[in-house]
Amino acid sequence: PHLAALVLARGGSKGIPLKNIKLLAGVPLIGWVLRAAIDAGVFHSIWVSTDHDEIEKVAKQFGAQVHRRSPEVSQDSSTSLEAITEFLNHHHEVDIVGNIQATSPCLHPSDLIKVADLIQKEGFDSVFSVVRRHQFRWSEVKKGENKMTEPQNLNPAKRYRRQDWPGELYENGSFYFAKRHLIEKGYLQGGKMAYYEMRAEHSVDIDIDIDWPIAEQRVLSFGYFGKEPLKEVKLLVCSIDGCLTNGRIYVTEDHKEMVSYDYRDIVGIDLLKKRGIQVRLISDRDCSKTLSAMQLGCVAKVNVTNKLQVLKDWQEDMGLSWKEVAYLGNEESDVECLKQAGMSGVPADACAAAQKAAGYICKSRGGCGAVREFAEHIFLLLEKVNSARKQ
């Protein structure tokens, strides 16, 4: 049977405009779940249902197909079931839909693989995700009611210790898998049902109980970053024009060139060096006088016609794997380097081709703190690497 992953990503949002493609830890929100769905390898097709051009563009960038939903199922009042039903009406080849929520960025491929087995091999009609909570519930007393609250799941005279109580299962909204015949009857859950219990640290729902900065920290700690395990970065290569500088060149009357840079970026380079990470600089043009004036103390290669070849030479000379190399670029000449490096980033104002190739998009513009921001991103991922080693 044809198993399709379907992410519903409407353009409208009452809280955050275009929330589904807002950058979370340098990746569009929807990109986190699409990466997990693609790497799971269990779906015959992966779709994003949207009514917005920008969301369509990002979805295709991450390798998904796009179903343009109608205005009738794109309203604030529209339900997920209505959007899924419309999708099935246009895609008769689909037998099972795995509806994955875009707002669950800590989803991992291993979860999706196990759920696919439940519904394809064990014969369940619907499977949905839950998380275990250890929370005591009490009855609500509305204002003006002359009654007392009552315990719902505990005896106050004999309260459980956490380790003595298994807790309760709650839907966490990460995904709902269902067979076509069930959806056509108007259900996402029904028939022979099963739940799939997700780990609490992977159960992040931005819509319900978490704000953006906290979500970014959770994703950096528990998110899925790709099939290969993260490795400690040993080398950062940074494009000079448009990353370390803002790309502008000021020419004086006596034909001398001047550029500007942000002191925060210089601090970022120093911090990287103190952590044992080599920083090397690269440029399409001859800016050796500028580098000399900046006194960064970094190996640099200027007037480069093939950045990828220089990057390969440095990687081989240092005896590094590509997972140990990070690259910060901003132009089309950086695209192949961004694709090759294990960790890649671009400033917020990088060209479209570079943004598409990068794994991290900075909030800062080139020459305005992007290097420092990317350095902080590297440090956070190094913490993740060290944490994995300890485990």
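Residues numbered from 1 in each chain as written. Predicted model: local features only at pLDDT ≥ 70, side-chain atom pairs only at ≥ 80, totals over all residues. Heavy atoms only, no water.

The name recorded for the protein in an unreviewed UniProt entry is N-acylneuraminate cytidylyltransferase, from Vireo altiloquus. UniProt, in its Pathway (unreviewed entry) section for the protein, records the words "Amino-sugar metabolism; N-acetylneuraminate metabolism." Under the heading Sequence similarities (unreviewed entry), UniProt records this for the protein: "Belongs to the CMP-NeuNAc synthase family." (UniProt positions renumbered as here; feature names shortened; annotations may be inferred.)

**Q** Describe the overall build of the protein, and please don't skip the residues or the numbers.
**A** Each helix and strand counted, the protein has 14 helices and 17 strands in total. Expressed as a percentage of its 391 residues, the buried residues of the protein come to 50%. Sequence separation of 24 or more characterises 65% of the internal contacts of the protein that already satisfy a separation of 6 or more. In the structure as shown, the protein presents an accessible area of about 19,600 Å², 48% of it carried by carbon and sulfur atoms. (Helix = DSSP H or I, 4+ residues; strand = E, 2+ residues; numbered from the N terminus. Buried < 20%, exposed > 50% of the residue type's maximum accessible area, 1.4 Å probe, protein only. Contact = heavy atoms within 4.5 Å. Areas by Shrake-Rupley, 256 points an atom, 1.4 Å probe, with all protein chains shown as cover.)

**Q** I'd like a description of the nonpolar core, backed by residues and values.
**A** Grouped together as the largest cluster of nonpolar side chains are 80 residues, with contacts concentrated most on Ile30, Phe43, Ile100, Leu112 and Ile378. Here this core spans two domains, since at least three of its residues come from each of domain 1 (1-220) and domain 2 (233-387). In this view, Leu112 contacts Ala36, Ala37, Ala40, Val42, Phe43, Ile100, Leu107, Phe175 and Phe177; residues no more than four positions away in its chain are not counted. In terms of nonpolar packing, the next biggest core, distinct from the first, is built from 23 residues, Val237, Leu311, Tyr327 and Val335 among them. (Core = buried A, V, L, I, M, F, W, Y, C linked by side-chain atoms within 4.5 Å. Domains from an automatic or database assignment.)

**Q** Can you tell me about helix H11 (residues 307-317), naming the residues and giving the values?
**A** Buried within H11 we find Lys307, Leu308, Val310, Leu311, Trp314 and Gln315. End-on, the buried residues of H11 take up no more than an arc of 160°, which puts them together on one face. The outward face of H11, more than 90 degrees from its buried face, is lined by the exposed residues Glu316 and Asp317. Turning to H11, the residues buried within the fold contact strand E10 (235-239), strand E13 (278-282), strand E14 (299-301), strand E15 (325-328) and helix H12 (335-340). Two to three positions downstream of the cap, the backbone nitrogen of Leu308 sits 3.3 Å from a side-chain oxygen, assigning the N-cap of H11 to Asn306. With its phi angle positive at about 65°, Gly319 sits one or two positions after the end of H11. (Arc of directions from axis to C-beta. Polar contact = N/O pair within 3.5 Å; in protein donor to acceptor, adjacent residues only side chain to side chain.)

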